[in-house]
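Coordinate inspection notes
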Amino acid sequence: MNKSGLLHHVEIYVDDLSACKEFWAWFLSRIGYSIYQEWDQGISYLKDDTYPVFVQTEAKYRDRSYHRCYSGLNHLAFHAGSRDFVDIITSELKARGIKILYEDRHPYAAGDGAYAVYFEDPMRMKVELCAYWGEG
């Protein structure tokens, strides 16, 4: 397979690496990722050829907190594989006390025939887990 143009990795600087590690280790393991690399100031998770990386932001750059509405990254979206899996993860998120975004429109907030759950990581970055009608 020609990998030209496929996403290789996404590196995200975070204010609280410890909180992000706890959240992302749980969520990413649920969708098939495993720890790829780990060092004092960061961690990455791997599935197939793609990996997200989370790195502790240096103190001198933490004067402005992340907000998904600022210029830059708005959210990360992952394929769920099925609507049933979206429902399972939604229940697990609620059990963990993680706020479901757009709850008044859940699980149809994405529109366009998508069935999804939206939620936030500890930095308040939006995360989407989506199953399109054609995916189950």
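The sections below set out a description of the structure shown in this document.

1. A few points about the overall build of the chain
The secondary structure content of the chain amounts to two helices and eight strands. Along the chain direction, N to C, the helices and strands of the chain fall in the order β-α-β-β-β-β-α-β-β-β. Relative to a compact globule of 136 residues, whose C-alpha radius of gyration would be 14 Å, the chain shows 15 Å and is just as compact. With respect to the principal axes defined by its C-alpha atoms, the chain has extents near 45 × 40 × 30 Å. Counting across all 136 residues of the chain, residues that qualify as buried make up 38%. Taking the contacts inside the chain whose residues are at least 6 apart along the sequence as the reference set, 56% of them involve residues at least 24 apart.

2. With respect to the packing of aromatic side chains
To describe a pair of aromatic rings, you give the distance between the ring centres and the angle between the ring planes. With the rule as written, the count across this model stands at 14 aromatic pairs. When the centroid spacing of 5.6 Å and the interplanar angle of 70° are considered together, the rings of Phe-27 and Phe-78 count as edge-to-face. Taken together, the residues span a long stretch of sequence, with Phe-27 in helix H1 (residues 17–30) and Phe-78 in strand S5 (residues 75–79) at a distance of 51 residues. Phe-78 matches Phe-27 in its accessibility class, with the two residues each being buried.

3. A closer look at unusual backbone geometry
Geometrically, the link from His-106 to Pro-107 is a cis peptide bond, its omega value of 0° lying close to zero. Tracing the sequence through the fold places Pro-107 in the loop between strand S6 (100–101) and strand S7 (114–120). Notably, Asp-48 is not glycine yet its phi reads approximately 55°, a positive angle. Within the element layout of this structure, Asp-48 appears in the loop between strand S3 (42–46) and strand S4 (51–56). The exposed category is assigned to Asp-48, whose relative accessible area is 67%.

4. A word on the layout of surface pockets
Size it by volume and the largest pocket reaches roughly 550 Å³. Lining of the largest pocket is provided by 18 residues; of these, Leu-7, Tyr-33, Lys-47, Thr-50 and Tyr-51 occupy positions nearest its centre. Of all the secondary structure elements, the ones that give two or more residues to the lining of the largest pocket are S4 and S5. Top element by residues in the lining of the largest pocket is S5. It accounts for four residues. For the lining of the largest pocket, the per-class residue count stands at 11 nonpolar, three polar and four charged.

Each value, and the rule that gives it
- Residues numbered from 1 in each chain as written.
- Predicted model: local features only at pLDDT ≥ 70, side-chain atom pairs only at ≥ 80, totals over all residues.
- Heavy atoms only, no water.
- Helix = DSSP H or I, 4+ residues; strand = E, 2+ residues; numbered from the N terminus.
- Rg over C-alpha atoms; globule rule 2.2 N^0.38 Å.
- Buried < 20%, exposed > 50% of the residue type's maximum accessible area, 1.4 Å probe, protein only.
- Contact = heavy atoms within 4.5 Å.
- Phe/Tyr/Trp six-rings, centres within 6.5 Å; stacked < 30°, edge-to-face > 60°.
- 1 Å grid on protein atoms, 1.4 Å probe; cavity = no way out; pocket = protein on both sides within 12 Å on 5 of 7 lines; lining within 4 Å.
- Points joined across faces, edges and corners; volume = space filled by probe spheres on them.
- Nonpolar A, V, L, I, M, F, W, Y, C, P; charged D, E, K, R; others polar.

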